[in-house]
Amino acid sequence: MTDLEFPARFLWGAATASYQIEGGVREGGRGPSIWDTFCAAGGKVLDGASGEVACDHYHRYPEDVGLLAGLGLNAYRFSVAWPRVMPDGRTPSAAGLGFYDRLVDELLAHAVTPVLTLYHWDLPQALEDAGGWPARDTASRFAEYAAVVHDALGDRVNQWTTLNEPFCAAFLGYGSGVHAPGHQDHDTALVAAHHLLLGHGLATRALTEQARPGHEFSLALNFAPALPDGSSPAHLEAARKFDGIHNRFFLDPVLGRGYPADVLADVAHHGGRFAASVRDGDTDTIAAAIDWLGVNYYAPARVTPLADPLAPSNCPLPALRGLDVLPAPGPLTAFGWEQAPGTLTELLRWIGARSGGLPLVVAENGASFVDEVVDGRVHDEDRVNYYAEHLRAVHDAIRGGVDVRGYFAWSLLDNFEWAMGYSQRFGLVHVDFETQRRTVKDSGRFLGRVAKANALPASGAPAEGVGDPRA
Ligand code: FCB
């Protein structure tokens, strides 16, 4: 059997996010973000953890870039901290921009393509105080911030992603409240979702106007394919509802299809302010042309209808009243997430078809497991297999005609996993949070080899010697 080759110029990378790795929260004039405030409030994050130090990447970025390049990866997806670049959310800081200036130079010196995300959830606290994403003005502030970063780095960065996972920023931040800023109001969350998407559209428009040849624009959405736990009409209806609010509510307006009518009907009973927040022209703005879509995929959701549609659901979104999400069947990751690589193939096919062939990049995919450093090595066989299976799934989609242009592992480093603190290790590189010592895991070596070969061993299993600690 021959190896499974990937298309030429495929982006092979790892992803991170500013608040999850940088630390240095008071350095270079950085202002507070909603995540600093959320963590400081206590009781919201496991073990009282915060991103105050995280991976100390603010100081150790040369080592981290060296590790990524040393693995053989050719791209790095990172996010810019808005409060570092604009401490009050509005006024540019030369010191803050300087950090990303140095980071980008370091990446280019190692022949690594920078893929820059403008917003991975760390809103400047000053803008939250002014109303946060539920305030329309935040969308305009975001477009201004995007232009500032683009002015500073557009001479060297070609790949621009506006938002990471607006679903989480809106529904976890303002609806269920398990993420910063921790508000719990579902009507407000829908308004926040609209303003996030509006911000994406305004920023994409602004950057497109000042684009240089080679610049590409995108955003990254998180998808949770809904798998009905049965084939009755009630099961299919439960899956439709889940898919609607989780996937299509964000995808469709970006693709120029507007908000899906069925989801608008689902949220009508609690979305009064949402309907009022959508103004004439907004859907055109949100549909600003993008060059590719970032697909973040971890696991499907197994959904089942509740016999009594008014019974409390285990799913906090009111749009999901009447259904439950079932415990995932194995095999699971340490987070309890189902490992279902075949679902990734289906998802890429579905998005490819729905978008009329828009290029796709798997912008996040990965797994947390319990890792141990033994004699300076981490033999994370589960994660090696996870990557092998999911890469095979991506290859299946490509072979079926889907235009997939890159794959980013989540994550380069073990890091601050939001409400779960430091309890979930997702890295290709292990981080000892006491000493900040980095140790490349077997999975990092494996992915690096696949990247260098631009091919996955045909068996789908790790290539011989992949786990060889001397490699
Ligand atoms: C995604 C987030 C990322 C990380 C992974 C595990 O939803 O974008 O920051 O938390 O999940």
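Residues numbered from 1 in each chain as written. Predicted model: local features only at pLDDT ≥ 70, side-chain atom pairs only at ≥ 80, totals over all residues. Heavy atoms only, no water.

Student: Pulling in residues and values, what's your account of the packing of aromatic side chains?
Tutor: Here the structure, examined in full by the defined rule, presents 41 aromatic pairs. Taking the centre distance of 6.2 Å and the plane angle of 85° together, the rings of Trp82 and Tyr119 count as edge-to-face. With Trp82 in helix α4 (residues 82-85) and Tyr119 in strand β4 (residues 113-119), this pair connects stretches of sequence that are 37 residues apart. Look at Trp82 and you get buried, because its relative accessible area is 0%. Linked through ring pairs, Tyr19, Trp35, Phe38, Trp121, Phe416, Trp418, Tyr422 and Phe433 together constitute an aromatic cluster. The ring of Phe99 is capped by Arg84, whose NZ or CZ atom sits 5.7 Å from the centre of that ring. (Phe/Tyr/Trp six-rings, centres within 6.5 Å; stacked < 30°, edge-to-face > 60°. Helix = DSSP H or I, 4+ residues; strand = E, 2+ residues; numbered from the N terminus. Buried < 20%, exposed > 50% of the residue type's maximum accessible area, 1.4 Å probe, protein only. Lys NZ or Arg CZ within 6 Å of the ring centre and 35° of its normal.)

Student: If you had to explain the pattern of salt bridges to someone new, which residues and values would you point to?
Tutor: One pass over the structure, following the stated rule, counts 31 salt bridges. Note that Asp252 is salt-bridged to Arg354, the shortest N-O span being 2.9 Å. Here Asp252 is found in helix α10 (residues 233-254), whereas its partner Arg354 is found in helix α14 (residues 341-354), with 102 residues between them in sequence. On the accessibility criterion, Arg354 (22% relative accessible area) is partly exposed. Its salt-bridge partner being Asp371, residue Lys441 comes within 2.6 Å of it at the nearest N-O pair. Taken together, the residues Lys441 in the loop between β14 (437-440) and α16 (442-453) and Asp371 in the loop between β11 (360-365) and α15 (381-399) connect sequence positions 70 residues apart. Residue Lys441 is classed as buried on the basis of its relative accessible area of 0%. On the accessibility criterion, Asp371 (11% relative accessible area) is buried. One connected set of salt bridges, linked through shared partners, spans Glu237, Arg240, Asp243, Arg248, Asp262 and Asp266. (Salt bridge = Lys/Arg side-chain N within 4 Å of Asp/Glu carboxyl O.)

Student: Account for α10, naming residues and giving values.
Tutor: Between its terminal C-alpha atoms α10 stretches 29 Å, which fits the 32 Å expected from 22 residues at 1.5 Å a residue. Burial of α10 is extensive: 17 of the 22 residues sit out of reach of the surface. Looking at the residues trailing α10, positive phi occurs at Gly256, about 85°. (Expected span 1.5 Å × (residues − 1).)

Student: Account for the packing of α15 against α16, naming residues and giving values.
Tutor: Look at α15 against α16: their axes get within 8 Å of each other, and the N-to-C directions meet at 30°. In terms of their interaxial angle, α15 and α16 are classed as roughly parallel. Two secondary-structure elements touch here, α15 through Arg383, Val384, Tyr387, Ala388 and Leu391 and α16 through Asp442, Ser443, Phe446, Leu447 and Val450. Counted by class, the contact of α15 with α16 contains seven nonpolar, one polar and two charged residues. (Axes fitted to C-alpha atoms, helices over the stretch in contact; angles between N-to-C directions. Parallel < 35°, antiparallel > 145°, perpendicular 65-115°, else oblique. Contact = heavy atoms within 4.5 Å. Nonpolar A, V, L, I, M, F, W, Y, C, P; charged D, E, K, R; others polar.)

Student: I'd like a description of the site of the ligand, backed by residues and values.
Tutor: Taken together, Gln20, His120, Trp121, Asn164, Glu165, Tyr298, Glu364, Trp410, Glu417, Trp418 and Phe426 make up all the residues around the ligand. Side-chain polar atom of Gln20 to an oxygen atom of the ligand: 2.8 Å apart, as the coordinates give it. The separation between an oxygen atom of the ligand and a polar side-chain atom of Glu364 is 3.0 Å. Considered on its own, the ligand offers 290 Å² of accessible surface; in the complex 94% of this is hidden by protein. Among the residues forming the shell around the ligand, the class breakdown is five nonpolar, three polar and three charged. (Near = heavy atom within 4 Å. Polar contact = N/O pair within 3.5 Å; in protein donor to acceptor, adjacent residues only side chain to side chain. Areas by Shrake-Rupley, 256 points an atom, 1.4 Å probe, with all protein chains shown as cover.)

Student: Please set out the sheet that holds strand β7 (residues 226-228) residue by residue, giving values where relevant.
Tutor: Pairing in this open sheet of three strands is mixed, and the strands run β7-β9-β10 from one edge to the other. Where the open sheet ends on each side, the last strands, each with one partner, are β7 and β10 (323-325). Each strand axis lies, on average, 35° off the axis of its neighbour in the sheet, ignoring direction. Where strand β9 (residues 301-305) lies against β10, three bridges are found, and the strand directions are antiparallel. By the bridge assignment, Val303 is partnered in β10 with Val325. Where α10 meets the sheet, it contacts β7, β9 and β10, and its direction lies at approximately 130° from that of β9. (Pairing = 2+ DSSP bridges.)

Student: I'd like to hear about the side chain of Asn247, residue by residue, with values.
Tutor: Its place among the elements puts Asn247 in helix α10. Overall, Asn247 belongs to the buried group, its relative accessible area being 2%. Looking at Asn247, its side chain comes within polar contact range of the main-chain nitrogen of Ala224, at 3.0 Å. Beyond its immediate sequence surroundings of up to four residues, Asn247 is in contact with Asn222, Phe223, Ala224, Pro225, Phe242 and Trp350.

Student: Can you lay out the sheet that holds β11 for me, pointing to particular residues and giving the numbers?
Tutor: Strand order in the closed barrel formed by eight strands is β2-β3-β4-β5-β6-β8-β11-β12, with parallel pairing between adjacent strands. On average, each strand axis in the sheet is tilted by 25° relative to the strand beside it, whichever way the strands run. With four bridges connecting them, β4 and strand β5 (residues 159-164) associate as parallel partners. Across the sheet, Val115 pairs through a bridge with Gln159, a residue of β5. Against the sheet, helix α8 (residues 166-176) engages β4, β5 and β6 (216-223), with an angle of about 50° to β6. Contacts from helix α9 (residues 186-209) reach β4, β5 and β6, with the element oriented near 165° to β5.

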